[in-house]
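Summary of structural features
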Amino acid sequence: MPNQSEPPQKSSDGTVASADQTGERPRIRVRGQYIKDLSFENPNAGKQFGNDSAPKIDISVSVNGRGQSDNNHEIELHISAKATVGSEIKFLVELVYAGVFAITGIPADKLEPVVLIECPRILFPFARRIVADCCRDGGYPALMLEPIDFAQMYMQRKSQTREGHTRPEKTN
């Protein structure tokens, strides 16, 4: 699909005007979304039937974003879910779900929150379904991830970066 975003406006002196100066309205377009990496490990396949012990499920979620050319940005949503009963792993699902977004009309100083909050918010329902389907197809009940507050994750990431700590955000 061709990029339909409008090119930046040039003034009579040849300088490029910002989105605020041109009046271009902010716009986020999904150019494509896809599975970059998917792994489902079921080391004790078949043994889960007849076992009524509830597993402990650890879930971790992180977001990465990087700019590409022509206002395009690739956003990766990393989701990992590990189910254990005692020290025995029941299943492990790891997903990297990504999308390319055309983002226009947003000043550079406001772009990071859009890339790390709004874009993952768009990707999440699709990634959630993939994780649920993998668990169900592996013989377990579908793992329905709770909605994620990407704004809170972003704020935690910013505060950790200020403190010099960078690690993936976790939700349980």
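Heads up: these notes are all about the structure in this document. (Residues numbered from 1 in each chain as written. Predicted model: local features only at pLDDT ≥ 70, side-chain atom pairs only at ≥ 80, totals over all residues. Heavy atoms only, no water.)

**Brief notes about the overall build of the protein chain**
Summing up its helical and strand segments, the protein chain has three helices and five strands in all. In the protein chain, the succession of α and β elements from N to C terminus is α-β-β-β-β-α-α-β. For the protein chain, the exposed area adds up to about 10300 Å²; of that, 50% sits on carbon and sulfur atoms. (Helix = DSSP H or I, 4+ residues; strand = E, 2+ residues; numbered from the N terminus. Areas by Shrake-Rupley, 256 points an atom, 1.4 Å probe, with all protein chains shown as cover.)

**Here's the deal with helix α3 (residues 150-163)**
The end-to-end C-alpha separation of α3 is 20 Å, in line with the 20 Å expected for 14 residues at 1.5 Å each. What α3 keeps buried is the set F150, M153, Y154 and Q160. Angular distribution of buried residues about the axis of α3 spans 130°; they occupy a single face of the element. Away from its buried face, by an angle of more than 90 degrees, α3 presents the exposed residues M155, R162 and E163. Residues of α3 that are buried make contact with β2 (56-67), β3 (72-85) and α2 (111-137). The N-cap of α3, judged by a side-chain oxygen 3.2 Å from the amide nitrogen of A151 a few residues on, is D149. (Expected span 1.5 Å × (residues − 1). Buried < 20%, exposed > 50% of the residue type's maximum accessible area, 1.4 Å probe, protein only. Arc of directions from axis to C-beta. Contact = heavy atoms within 4.5 Å. Polar contact = N/O pair within 3.5 Å; in protein donor to acceptor, adjacent residues only side chain to side chain.)

**Brief notes about the packing of aromatic side chains**
For the coordinates displayed, the defined rule picks out three aromatic pairs. Taken together, a centroid distance of 5.8 Å and an interplanar angle of 20° make the contact between F40 and F91 stacked. A residue pair is termed long-range when its members are at least 10 positions apart, and F40 in strand β1 (residues 27-41) and F91 in strand β4 (residues 88-104) qualify at 51 residues. With relative accessibility at 25%, the residue F40 sits in the partly exposed group. A relative accessible area of 4% means that F91 is categorised as buried. (Phe/Tyr/Trp six-rings, centres within 6.5 Å; stacked < 30°, edge-to-face > 60°.)

**Side note on a nonpolar patch on the surface**
Taken together, the side chains of I28, V30 and I122 define a hydrophobic patch exposed on the protein surface, amounting to about 180 Å² of accessible area. A relative accessible area of 31% means that I122 is categorised as partly exposed. (Patch = residues over 30% accessible without salt bridge, like charges linked within 9 Å, V, L, I, M, F, W, Y side chains within 5 Å. Salt bridge = Lys/Arg side-chain N within 4 Å of Asp/Glu carboxyl O.)

**Some details on the nonpolar core**
Within the largest apolar cluster, 34 residues are counted, with the highest numbers of intra-cluster contacts made by V61, L77, I79, V131 and F150. Going through the elements one at a time, β2, β3, β4, α2 and α3 are the ones with two or more residues in this core. (Core = buried A, V, L, I, M, F, W, Y, C linked by side-chain atoms within 4.5 Å.)

**Observations concerning the pairing of β3**
Among the 14 residues of β3, 11 are classified as buried, and the element is accordingly described as predominantly covered. For β2 and β3, the ladder comprises 12 bridges, and the chain directions are antiparallel. By the bridge assignment for β3, I57 is matched with A83. Hairpin remark: β2 followed by β3, antiparallel, with four residues in the connecting loop; positive phi at D70, about 55°. With 14 bridges connecting them, β3 and β4 associate as antiparallel partners. Across the sheet, E74 pairs through a bridge with V100, a residue of β4. Two successive antiparallel strands, β3 and β4, enclose a turn made up of two residues, where G86 displays a positive phi of approximately 65°. (Pairing = 2+ DSSP bridges.)

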